[in-house]
Amino acid sequence: MRWRYISEDRVSDSYGLAADEAMALRVGENHSSSILRLYTYQSSSALVGRFQRIENELNLDFCRKQKLSVNRRPTGGGAILMGEDQLGVALMLRDWKGNKAPRELMRHFALALSEGLLVFGIKAQFRGKNDLEVEGRKIGGLGIHSNASGGYLLHCSLLVDLDVTLMLRALNVPIEKLESRQLKSIEARITTVRRELQNNTSLEEVRNKMLSAFSSYFSVEFEQSYYSTKEMKAISQMESSRYLQKDWIFQKV
C-alpha cells in the first residue's frame, strides 16, 4: 500500500492549517490516498485548539507586540507555540484497517509517534486525552478532527526544542493548575527531543525517523508528493475563507 508524503518548512500559520484541513477533505472524498505531512511553521505562531476561547488562552497583547501570529486549529487540544523547532505532524486518512473510531485512530497515531521517538531511545506514552509524555513530561500534543466527507485529520505538535520563556509569555498559563499538580514550574511538565538526548539533534533527523516509523507502523510505503494545481486552489480557498478570517480565529466557542 502506498500513501503520500508531503514535507514543508517555515509555512505561515494560515497556510499550514488550511493545507491540513483541505487535504483531509480530499482524502475523505477519495480524491487522494492517505497523507502524512511533516512540516514546520514560521517562528513563532501561537495556536489555540478548536474549542478554546482565544482571549483566555493567549496573551494577545504580548503576541501583538512581539509580532507572533495567532490562529485556531480545526483539531481540539490546548494552546501551543509552533515554529521552526517544533515538528508539525499531520495524518489524513479515512480509516485504518476498517477502523473509524476516533479514539482508536488517535491511539494508533500516538503509537506510531512513540515508535519514532523510541528510535532515539526516548520512551513516550499516550496519556490523558491528548498528551504524548516522557516520564510525566509532555513532549507532544495530539488532536483529531473529522469532516463531513468522512476524512480524519490527526495532529501532533512534536517538541524538538522549545523556547519556554517565550511560550510562558505568549500563553496564559494558569498557575493554580500547576500548583494543584504539585509542580514547581511549567518546565517540570515539559520536555523536548533535544533535552532528552542532551544534544542538538537536527529537526530533519527527527523528521526522517518519524517518516520511517510511520511507514513501519502502518505497513505502508510513502511516496514523496506535491500538491496538484487543483489541490493548491483548494488550499488557497480554505485559507482565505477560514484561516485568514477574524471570525474564525476570534470566535466565541
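In case you missed it, the structure is sitting above this.
As the structure is a computational prediction, the values presented were derived from the model and not from experiment.

1. Observations regarding the overall build of the chain
Here's step 1: The secondary structure content of the chain amounts to 10 helices and 11 strands.
Here's step 2: Its C-alpha radius of gyration of 17 Å places the chain within 12% of the 18 Å reference for a compact globule of 253 residues.
Here's step 3: Dimensions of the chain, computed from C-alpha atoms along their principal axes, come out at roughly 50 × 45 × 30 Å.
Here's step 4: Residues classed as buried in the chain amount to 54% of the 253 residues present.
Here's step 5: Long-range pairs, those at least 24 residues apart, make up 76% of the contacts in the chain between residues at least 6 apart in sequence.
Here's step 6: Seen as two clouds, the 36 positive and the 30 negative side-chain charges of the chain have centres 4 Å apart.

2. Thoughts on the packing of helix α1 (residues 13–28) against helix α9 (residues 229–243)
Here's step 1: Interhelical geometry of α1 versus α9 gives an angle of 120 degrees and a closest axis separation of 8 Å. The orientation of α1 relative to α9 falls into the category oblique. The handedness of the crossing between α1 and α9 comes out as right-handed. Together, S14, Y15, L17, A18, A19, E21, A22, M23, L25 and R26 of α1 and K230, E231, A234, I235, M238, E239, R242 and Y243 of α9 make up the contact between the two elements.
Here's step 2: Among the residues making up the contact of α1 with α9, the classes are represented as 11 nonpolar, 1 polar and 6 charged.

3. Focus on the packing of aromatic side chains
Here's step 1: Scanning the entire structure with this criterion turns up 9 aromatic pairs.
Here's step 2: Ring geometry for W96 versus F218: centroids 4.9 Å apart, planes at 80 degrees, classification edge-to-face. Of the two residues, W96 is situated in the loop between β6 (86–93) and α4 (102–118) and F218 in helix α8 (residues 203–218); the sequence distance between them amounts to 122 residues. Pair check on accessibility: W96 and F218 agree, each one buried.
Here's step 3: Taken together, the ring pairs connect W3, W96, F109, F214, Y217, F218 and F222 into an aromatic cluster.
Here's step 4: In this arrangement the basic side chain of R37 is found over the ring face of Y39, its NZ or CZ atom lying 3.8 Å from the centre.
Here's step 5: Sitting above the plane of the W248 ring, R242 keeps its charged end 4.6 Å from the centroid.

4. Quick notes on the sheet that holds strand β5 (residues 80–82)
Here's step 1: Strand order in the open sheet made by the 3 strands is β4-β3-β5, with mixed pairing throughout. Edge strands, defined here as strands with exactly one partner in the open sheet, are β4 (69–72) and β5. Here the strands of the sheet are splayed against their neighbours by 30 degrees on average, with no regard to which way each runs.
Here's step 2: Bridge analysis of strand β3 (residues 45–48) against β5 gives 3 bridges, and the strand direction is antiparallel. Across the sheet, L47 pairs through a bridge with I80, a residue of β5.
Here's step 3: Each of β3 and β4 is contacted by α1, which is oriented at about 20 degrees to β4, the strand it contacts most.

5. What about the environment of S157?
Here's step 1: Looking at the element boundaries, S157 is found in strand β10 (residues 152–159).
Here's step 2: Those residues within four positions of S157 in sequence are excluded, and the remaining contacts are I80, M82, L87, I139, G140 and G141.

6. Some words on the nonpolar core
Here's step 1: L58, V70, M92 and I235 are the most contacted members of the largest nonpolar core, which has 45 residues in total.
Here's step 2: Examining the composition of this core, we find that 8 residues originate from one element, α1, more than from any other.
Here's step 3: Here M92 is in contact with A19, D20, M23, A24, V27, S34, I35, R37, Y152 and L153, once residues within four sequence places are set aside.
Here's step 4: Counting residues in each nonpolar core, the second largest holds 38 residues, with L93, A110, I139 and V193 among its members.

7. Details of the pairing of strand β8 (residues 131–134)
Here's step 1: Every second residue of β8 is oriented toward a common face, with D131 and E133 on one face and L132 and V134 on the other, all of them buried.
Here's step 2: With 3 bridges joining them, strand β7 (residues 125–127) and β8 adopt antiparallel strand pairing. From the neighbouring strand, F126 faces β8, where its bridge partner is L132.
Here's step 3: Linking β7 back to β8 in an antiparallel pair, the connection comprises 3 residues, with G128 at a positive phi of about 60 degrees.
Here's step 4: Hairpin connection, β8 to strand β9 (residues 137–146): the antiparallel pair is bridged by 2 residues, and E135 has positive phi, about 50 degrees.

8. Examining α1
Here's step 1: Its 16 residues place the ends of α1 23 Å apart at the C-alpha level, agreeing with the 22 Å of an ideal helix rising 1.5 Å per residue.
Here's step 2: Counting buried positions over the 16 residues of α1 gives 15, a clear majority of the element.
Here's step 3: After α1 finishes, the residue N30 shows a positive phi value of roughly 65 degrees.

The rules behind the values
Residues numbered from 1 in each chain as written. Predicted model: local features only at pLDDT ≥ 70, side-chain atom pairs only at ≥ 80, totals over all residues. Heavy atoms only, no water. Helix = DSSP H or I, 4+ residues; strand = E, 2+ residues; numbered from the N terminus. Rg over C-alpha atoms; globule rule 2.2 N^0.38 Å. Buried < 20%, exposed > 50% of the residue type's maximum accessible area, 1.4 Å probe, protein only. Contact = heavy atoms within 4.5 Å. Lys, Arg positive; Asp, Glu negative; His and termini not counted. Charge placed at Lys NZ, Arg CZ, Asp CG, Glu CD. Axes fitted to C-alpha atoms, helices over the stretch in contact; angles between N-to-C directions. Parallel < 35°, antiparallel > 145°, perpendicular 65-115°, else oblique. Left-handed = near helix turned anticlockwise from the far one by under 90°. Nonpolar A, V, L, I, M, F, W, Y, C, P; charged D, E, K, R; others polar. Phe/Tyr/Trp six-rings, centres within 6.5 Å; stacked < 30°, edge-to-face > 60°. Lys NZ or Arg CZ within 6 Å of the ring centre and 35° of its normal. Pairing = 2+ DSSP bridges. Core = buried A, V, L, I, M, F, W, Y, C linked by side-chain atoms within 4.5 Å. Expected span 1.5 Å × (residues − 1).

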